[in-house]
Amino acid sequence: MLRLEHIKKTFNPGTVNEKRAVWDLSLHLKPGDFTTIIGSNGAGKSTMLNAISGSFYVDEGSVWLDGKNMTFVEEYKRSRVIGRLFQDPLRGTAPHMTIEENLALAYLRASEGSIPFSRISRKDKAFFREQLSLLEMGLEDRMKQPVGLLSGGQRQALTLLMATMVTPKLLLLDEHTAALDPGTAEKVLELTTRIIEQNQITCLMVTHNMHQALELGNRTLMMDDGKIVLDVEGEERAHMTVTDLLEKFRSNSGKDLDNDRILLSAGQEN
């Protein structure tokens, strides 16, 4: 489904600001894999997602999605088959456009066979309203309101709907609940898992919460220094505790995890 083959990316090469972001990184996801990713700041998590989505071209290696070489495919073309949510709720929507207009743009972009300046039918609008009702936030009664009037949680839920309304081949979630208050974050995460499971979407989700990393999905990756240092699934993951995860990281990377947010989450129960 997704194959990363020996990808490398260095920013500002040959300068004092040179940063090796990912290095000889390979990964294979099977259809339907829901994979969580954890690691310290600068470990390469977001850079890997950026390489997949096409925010930049990798220096070496290749990116394959569903049998197609995407390595040099432009980001806007990849967005038709790759959905993405960011940590900042303000990204992913146009604040001065209405909820209905944002949904229409996302729907036309992802729909196969759609052409520029396609029109949204009454049937499409009814579909938007039906999908919004599934969020259980009352947004179906506010379709003519600008998105800028929504709360952060409502915007993130709307962005999630926009990214999955036409089922993507791959969904990328980059700490998409980290900027929300705990109650709203839990609600958005519940929506996320429900949509992924119902539509059998292949997903990569970056999180700083170690409990979530082990409880959600079917596979967990840990990254450090631009590489994947741990990849667990199946029975090994099912019986793994947060303490086990920290010990595995230490033995595989040769150092302790030094991210305060991650370590704080390790000491918290759900």
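Residues numbered from 1 in each chain as written. Predicted model: local features only at pLDDT ≥ 70, side-chain atom pairs only at ≥ 80, totals over all residues. Heavy atoms only, no water.

An order of E6-E7-E8-E3-E9-E10 is seen for the 6 strands of this open sheet, with the pairing classed as mixed. At either margin of the open sheet sits one strand with a lone partner, and together these are strand E6 (82-85) and strand E10 (227-233). The sheet shows a mean angle of 15° between the axes of neighbouring strands, direction not considered. Note that strand E3 (residues 34-39) and strand E9 (residues 219-224) share 5 bridges and pair parallel. Paired with Thr36 across the strands is Thr220, a residue of E9. Against the sheet, helix H6 (residues 182-199) contacts E3, strand E7 (170-174) and strand E8 (203-206), and its axis sits at roughly 165° relative to E7. (Pairing = 2+ DSSP bridges. Helix = DSSP H or I, 4+ residues; strand = E, 2+ residues; numbered from the N terminus. Axes fitted to C-alpha atoms, helices over the stretch in contact; angles between N-to-C directions. Contact = heavy atoms within 4.5 Å.)

Once that is clear, we can look at the layout of surface pockets. Estimated volume of the second largest pocket: approximately 460 Å³. Lining the second largest pocket are 24 residues, and of these Ser79, Ile82, Arg84, Gly92 and Arg109 sit closest to its centre. For the lining of the second largest pocket, the elements supplying multiple residues, two or more each, are helix H2 (75-78), E6, helix H3 (99-110) and helix H5 (152-164). The element that contributes the greatest number of residues to the lining of the second largest pocket is H3, accounting for 5 residues. Broken down by class, the residue content of the lining of the second largest pocket amounts to 10 nonpolar, 8 polar and 6 charged. (1 Å grid on protein atoms, 1.4 Å probe; cavity = no way out; pocket = protein on both sides within 12 Å on 5 of 7 lines; lining within 4 Å. Points joined across faces, edges and corners; volume = space filled by probe spheres on them. Nonpolar A, V, L, I, M, F, W, Y, C, P; charged D, E, K, R; others polar.)

Another point: unusual backbone geometry. The backbone phi angle of His6 is positive, close to 50°, even though this residue is not glycine. In this fold, His6 is placed in strand E1 (residues 2-11). One non-glycine residue with positive phi stands out, namely Asp24, at about 55°.

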